[in-house]
Amino acid sequence: MTALRTETGAAHAAILGVGAYRPRRVVPNAEVVDAIDSSDEWIQQRSGIKTRRFAEDDETVVSMSVDASRDALAAAGIDARQIDCVIVATVSHLLQTPSAATAIAYELGTDQAAAFDISAACAGFCHGVALANDMIRAGSAGYALVIGVERLSDITDPTDRGTAFIFADGAGAVVVGPSETPGIGPVVWGSDGEHYDHIRTPDWRDILASGEKKMPCLSMKGNEVFRWASYGMAKVAQQALDRAGITADELDCFVPHQANNRITDAMARSLKLPDTVKIARDIIDAGNTSAASVPMALQRMIDDGDAKSGDTALLIAFGAGLAYAAQVVVVP
Amino acid sequence: MSTEEIRAALAEIVNEVAGIPAENVQLDKSFSDDLDVDSLSMVEVVVEAEEKFGVTIPDDEVKNLKTVGDAVSYIERNRAA
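Thresholds applied
Along every chain, residues carry numbers that run from 1 in the direction the sequence is written. Throughout, the order in which chains and ligands are written sets their labels, letters from A for the former and numbers from 1 for the latter. Thresholds applied to this predicted model are a pLDDT of at least 70 for local features of residues and 80 or more for the giving and counting of side-chain atom pairs; totals over whole chains, interfaces and linings are not thresholded and use all residues. Heavy atoms throughout the structure, all of them, feed into the side-chain values; hydrogens and water do not. Here, two residues are considered to be in contact whenever any of their heavy atoms come within 4.5 Å of each other. Once two parts are put together, the accessible area they lose, assessed with a 1.4 Å probe and summed over both, is termed the buried area. Here a polar contact is recorded for every N or O atom pair within 3.5 Å, except that within protein the pair must consist of a potential hydrogen donor and a potential acceptor, and residues adjacent in sequence are included only if both atoms are side-chain atoms. Labels follow the DSSP assignment, with helices taken as runs of H or I lasting at least four residues and strands as runs of E lasting at least two, numbered in each case from the N terminus. Any residue outside Ala, Val, Leu, Ile, Met, Phe, Trp, Tyr, Cys, Pro, Asp, Glu, Lys and Arg is labelled polar, Gly included; the first ten of those are nonpolar and the last four are charged. UniProt positions are given in the numbering used here, feature names are shortened, and annotations may be inferred rather than shown by experiment. Residue burial is assigned from relative accessible area. The probe radius is 1.4 Å, only protein chains are included, and a residue is buried under 20% of its type maximum, exposed over 50%, and partly exposed in between. Of the grid points, spaced at 1 Å and generated over the protein atoms alone, those admitting a 1.4 Å probe that cannot get out make up cavities, while open sets with protein on both sides within 12 Å along at least five of seven lines make up pockets; any residue with an atom within 4 Å of a point is treated as lining. Grid points are joined across faces, edges and corners, and a volume is the space filled by probe spheres set on the points. For this analysis, a nonpolar core means a set of buried residues of the types Ala, Val, Leu, Ile, Met, Phe, Trp, Tyr and Cys, connected via side-chain atoms within 4.5 Å. Start and end positions for the domains come from either an automated domain assignment or a database one.

Visitor: Explain the interface of chain B and chain A to me, and be specific about the residues and the numbers.
Guide: Between chain B and chain A, the residue contacts involve 14 residues of the former and ten residues of the latter. At the boundary of chain B with chain A, total buried surface from both sides reaches about 1100 Å², with 49% on carbon and sulfur atoms. Its largest share of buried area at the contact with chain A, chain B owes to Leu-40, Glu-44 and Asp-59 of chain B, together 48% of the area lost on that side. Seen at the junction of chain B and chain A, the total is seven residue pairs in polar contact (both at pLDDT 80 or more). Contributing elements (two or more residues each) for the side of chain B that touches chain A: helix H2 (39-53) and helix H3 (59-62) of chain B. Within the side of chain B that touches chain A, the residues separate by chemical class into seven nonpolar, two polar and five charged.

Laid out in C-alpha cells, this is it:
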C-alpha cells in the first residue's frame, strides 16, 4: 500500500491581531426597563450592565464581522489574501444555510479561503481559537481568522425579564498564525447536554404551529445558568491555567465571556486571582454579546492599555448547550 | 449541630455573600422581602451552604426556601443522619 504524504505546520501558533466592531446605537437601561417593569438600578445590580449596543439595519452579521476582521488584519499586519481559513462563531446569523463565513471571506477579499460557521453559542469564540491553533500547527492553514459575531437583539424578546436587559450586538475577530514561541495554551473544553434546555431558542416548527409571526427568541433559566457558570466554570478556568503551566500569580489578564458581572466576580473569587490581574468588564457598556464578547473585551483591554503585548490572558467562554472552552493566550 | 448553630453558620454565609448583618438573619426573616437577598445572591448562599453543611440543595428546592427558618430546617432534615 502506498503511504500518503502528510504535512506539518508551524511549531507554535499565536493570536497576531485583535479587532472589534461596536454598533453605533447606544441603548441605555432606561430604554429597556419599561417593557420588563424594571429599573436601571435593578439591572445594574443583577448584571453590571449600564448600556449596550443594538445594531441598526445596515449593521449586519456579515458587515460587522468584516469591519472587526479588517481591524484584526491591520493589527496583525496580514493581508486578507494570506488567510486560509475563516471560522465564524455565532447564533444570530439567521440563515440555516449558507454560512455567514463564506460571505465574510468573500467580502474581505480572501483567496477563496476555507470558511464555515460553528455552533457553540457563547462558547463559540474559544472553540474557534482552539481549532485555529490546531490548524496552524497541523499545517491545514497558514493564517486563520476567528470571528465572534452576534445580533442578539434580533432574537431577544424585549418583554422577557430574564433576558431583555442582558443580550446585545457586536463583533470581534482575531488573526491566528505561526509563532516562534507558544502563544495559545492547551484548550480545556467540554459539554453538558443534560442541560440542553437551559439556554435555547424554540423549534421553528413549533412557532409555525402556533400561528404567531415571531422570531425564535432566546430563553434562559437564569438562576441555574448562574450557578453552573459561577461555580462550574471556575474549575474549567483553573484547569486551563494548570494545563498552560501558569499560576494565578503569573497571570496578567482574565477575559471571561461577558455573561454577567456577577458571574465574573464569582469566578475571580473562586480562582483567587490576585489584585494584579486585570479583569475584563466590557459588559458594563457592551451587554452580553454571546460569541462576540471575549474578542470584544480583549480588544477593549488592549486599547485601554490593560492588556499589553506579551501579557498572558486567560480566556473562558460558556453558554448554551451547555458548552464551554478555555485557554490561556499571549496578548499580541 | 443545633438549630441555633446552623442558623448562625448560615447567617455568616448570608453576611459574606450579601453583606447583610449576621444578627438580622433570624429564623422568621424572608430572604427576599426582609433581607433583600436577590435571586442570584440566593444561588450563592445555597452553593456555600451545600459546602458548609454537606447537603445537596437542588435548583427546584431553592424556591421553597423562602425564610431563613425554611433553609435551616431543610439543612437539618438533609444533613447526613
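Now that the structure is up, let's keep going.
Visitor: Give a description of the UniProt feature "domain: Carrier" (unreviewed entry) in chain B that names residues and reports values.
Guide: Residues given the UniProt feature "domain: Carrier" (unreviewed entry) here are residues 1-79 of chain B. Annotated as 58% helix and 0% strand, the span residues 1-79 of chain B places its first and last C-alpha atoms 10 Å apart.

Visitor: Before we move on, could you go through the UniProt feature "active site" (unreviewed entry) in chain A and cite the residues and values that matter?
Guide: Residues and elements named next belong to chain A. Feature annotation in UniProt places "active site" (unreviewed entry) on Cys-122, His-257 and Asn-288, given in this structure's numbering. Of the residues just listed, which span 167 residues, no C-alpha pair is farther apart than 9.1 Å, and they cluster in one region. Along the polypeptide, Cys-122 turns up in the loop between strand E5 (114-118) and helix H5 (124-138). With a relative accessible area of 12%, Cys-122 lands in the buried category. Those residues in contact with Cys-122, other than ones at most four positions away along the chain, are His-257, Ser-290, Ala-291, Ala-317, Phe-318 and Gly-319. Relative to the helices and strands, Asn-288 resides in the loop between helix H9 (283-286) and helix H10 (293-303). We classify Asn-288 as buried; its relative accessible area is 4%.

Visitor: Give me the lowdown on empty space enclosed by the protein, citing residues and values where you can.
Guide: Residues and elements named next belong to chain B. As enumerated under the stated definition, the model contains one cavity of 30 Å³ or more in all. The calculated volume of the largest cavity comes to roughly 50 Å³. The biggest single contributor to the lining of the largest cavity is H2, with four residues. When its residues are assigned to classes, the lining of the largest cavity shows ten nonpolar, no polar and no charged.

Visitor: I'd like to hear about the nonpolar core, residue by residue, with values.
Guide: All names here are of chain A. Grouped together as the largest cluster of nonpolar side chains are 38 residues, with contacts concentrated most on Phe-125, Val-146, Val-174, Val-176, Val-255 and Leu-315. With seven residues, the single largest contributor to this core is H5. Here this core spans two domains, and each of domain 1 (12-179) and domain 2 (188-330) adds at least three residues to it. When sequence neighbours within four positions are dropped, the list of residues in contact with Phe-125 reads Ala-89, Val-146, Ile-147, Gly-148, Val-174, Ala-291, Val-294, Pro-295 and Leu-315. Membership of the second largest hydrophobic core comes to 34 residues, among which are Met-233, Phe-254, Met-267 and Ile-316.

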